[in-house]
Amino acid sequence: MIRVVVVDDEQLVRAGLRLILGAAEDISVVGEASDGAGALEQARRLRPDVLLLDVRMPGIDGLTAAPDVIAAGVKVIMLTTFDLDEYVHRALQAGAVGFLLKDTPPRELAAAVRTVAAGNAMLAPTVTRRLISSFAERGPARRDAARQRLAPLTARELEIVREVARGHGNAEIARRLTMSEATVKSHVSRALAKLQVANRVQVAILVYDADLL
């Protein structure tokens, strides 16, 4: 059972998310909160697998709370009403594994929670890729720094992280590059270790910052 906490300042939104996720046989909403302080308290007390965190809330908002929630060992998906909110980029850099629009269809919402709980990033939605590519700061200094960080990767690892940045999962990368899914997973794990990043979204940000797509 995947344990989820929902954090949004609007009670109606929380109720809707609880209803949608609760309908899935493998997902249980174990808690909810209305602000960032409550999100951190729930994360530390309940230790959920995934925490859905609204970007904008009165008091401590999601952007402010995200790093502490992530530091508590909880996977975070940001929730937003806006499909081009530059502040979400900060949350992705801090370690959030993606973001969803609040009008995401129920089936996609449940699938996103499963993806994140399994240890993968929510990079597949086009809106996420658009956000990262739109708001990554690609000045010369940042580009050069990103390329320097990517330098330790082998040619194959670099090829794979570029596929990751395009939003492809392990299975799709395996098909595209004609290798086994286990091999792809191994390459991704080694790349994460070499780059000293927490997840695939942070790898994608590096690739975008390096202007390698």
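That block above? That's the structure.
Remember, it's a predicted structure, so these values are computed and weren't measured experimentally. The residue numbers shown here count from 1 along each chain, following its written sequence. Two thresholds apply to this predicted model, a pLDDT of at least 70 for residue-level local features and 80 or more for giving and counting side-chain atom pairs, whereas whole-chain, interface and lining totals are computed over all residues. Just so you know, side-chain values use all the structure's heavy atoms and leave hydrogens and water out.

## Focus on the layout of surface pockets
So, point 1. Every definition here rests on a 1 Å grid over the protein atoms only: cavities are sets of points where a 1.4 Å probe fits but cannot get out, pockets are open sets enclosed by protein on both sides within 12 Å along at least five of seven lines, and lining residues have some atom within 4 Å of a point. Grid points are joined across faces, edges and corners, and a volume is the space filled by probe spheres set on the points. Roughly 330 Å³ of internal volume is contained in the largest pocket.
So, point 2. Lining the largest pocket are 21 residues, with G119, N120, A198, N199 and R200 positioned closest to its centre.
So, point 3. At the level of secondary structure, the elements contributing two or more residues to the lining of the largest pocket comprise β4 (75-80), α10 (181-195) and α11 (200-209).
So, point 4. Its residues placed into classes, the lining of the largest pocket shows eleven nonpolar, seven polar and three charged. Comment: elements are numbered from the N terminus, with helices defined as DSSP H or I runs of at least four residues and strands as E runs of at least two. As a working rule, the residues Ala, Val, Leu, Ile, Met, Phe, Trp, Tyr, Cys and Pro are called nonpolar, Asp, Glu, Lys and Arg charged, and the rest polar, with Gly in that last group.

## So, the pattern of salt bridges
So, point 1. Here, a salt bridge means any Lys or Arg side-chain nitrogen found within 4 Å of an Asp or Glu carboxyl oxygen. Applying the stated rule across the entire model yields 13 salt bridges.
So, point 2. Where R156 meets E159, a salt bridge forms, and the shortest distance between an N and an O atom there is 2.7 Å. Here R156 and its partner E159 are both found in helix α8 (residues 155-165), three residues apart, which amounts to about one turn of the helix.
So, point 3. Throughout this description, buried means an accessible area under 20% of the type-specific maximum (1.4 Å probe, protein chains only), exposed means over 50%, and partly exposed covers the range between. We classify E159 as partly exposed; its relative accessible area is 33%.

## So, the pairing of strand β1 (residues 2-7)
So, point 1. The buried count for β1 comes to five of six residues, which makes it a mostly enclosed element.
So, point 2. Two strands are counted as paired when DSSP detects at least two bridges linking them. Of the strand pairs in this sheet, β1 and strand β2 (residues 27-33) are connected by six bridges, and their pairing is parallel. Bridging across to β2, V4 finds its partner in V29.
So, point 3. Chirality of the crossover, the property in question, places the unit of β1, helix α1 (residues 11-22) and β2 among those that are right-handed.
So, point 4. Strand direction decides the pairing type here: β1 and strand β3 (residues 50-54), joined by four bridges, are parallel. Residue pairing for β3: V5 is matched across the bridge by L51. Handedness is read with the strands pointing away from the viewer; a crossover is right-handed when the path from the first strand over the helix to the second is clockwise.

## Here's the deal with empty space enclosed by the protein
So, point 1. Summed over the entire model, instances satisfying the criterion amount to one cavity of 30 Å³ or more.
So, point 2. As for the largest cavity, its lining consists of V161, V164, V188, A191, L192, R200 and V203.
So, point 3. Broken down by element, the lining of the largest cavity gets its largest block of residues, three residues, from α10.
So, point 4. Across the lining of the largest cavity, the residue classes tally to six nonpolar, no polar and one charged.

## Comments concerning the environment of I160
So, point 1. Inspection of the secondary structure assignment puts I160 in helix α8.
So, point 2. When sequence neighbours within four positions are dropped, the list of residues in contact with I160 reads I173, L177, M179, V184, H187 and V188. Only heavy atoms matter for contacts: two residues are in contact if any of them lie within 4.5 Å across the pair.

## Quick look at the packing of helix α7 (residues 140-150) against α11
So, point 1. Only the stretch in contact is used when a helix axis is fitted, and all axes are lines through C-alpha atoms; the angle between N-to-C directions ranges over 0 to 180 degrees. Relative orientation of the contacting elements α7 and α11 amounts to 125 degrees, with a least axis distance of 8 Å. As the angle between them shows, α7 and α11 are arranged oblique. In the packing of α7 onto α11, the handedness of the crossing is left-handed. Note on element contacts: α11 touches α7 through L206, V207 and D209, opposite R142, R143, A146, R149 and L150. Here the angle decides the label: under 35 degrees means roughly parallel, over 145 means roughly antiparallel, 65 to 115 means roughly perpendicular, and every other value means oblique. Put simply, a crossing is left-handed when the front helix is turned counterclockwise from the back one by less than a right angle, and right-handed when it is turned clockwise.

## Observations regarding unusual backbone geometry
So, point 1. A positive phi is found at R47, a non-glycine position, where the angle reads about 50 degrees.
So, point 2. If you trace the backbone, R47 turns up in the loop between α2 (36-46) and β3.

## Some points on α2
So, point 1. Along α2, the positions that sit buried rather than exposed are G36, G38, A39, L40, Q42, A43 and L46.
So, point 2. Those residues of α2 that are buried are in contact with β1, β2, β3 and α3 (62-71).
So, point 3. Polar contact is defined as a pair of N or O atoms within 3.5 Å, subject to the rule that within protein one atom must be able to donate a hydrogen and the other to accept it, and that residues adjacent in sequence are counted only when both atoms are side-chain atoms. The opening residue of α2 is D35, an N-cap whose side-chain oxygen sits 3.4 Å from the backbone nitrogen of A37.
So, point 4. Count one or two residues on from α2 and you reach R47, which has phi positive near 50 degrees.

## A short note on the sheet that holds β1
So, point 1. One open sheet accounts for five strands, arranged β2-β1-β3-β4-β5; its pairing is parallel. The open sheet is flanked by β2 and β5 (99-101), the only strands paired with a single partner. The mean inter-strand angle of the sheet, taken between neighbouring strand axes irrespective of direction, is 25 degrees.
So, point 2. Set on the sheet, α3 makes contact with β3 and β4; between it and β4 the angle comes to about 170 degrees.

Take it as geometry only, folks, not as evidence of what the structure does.
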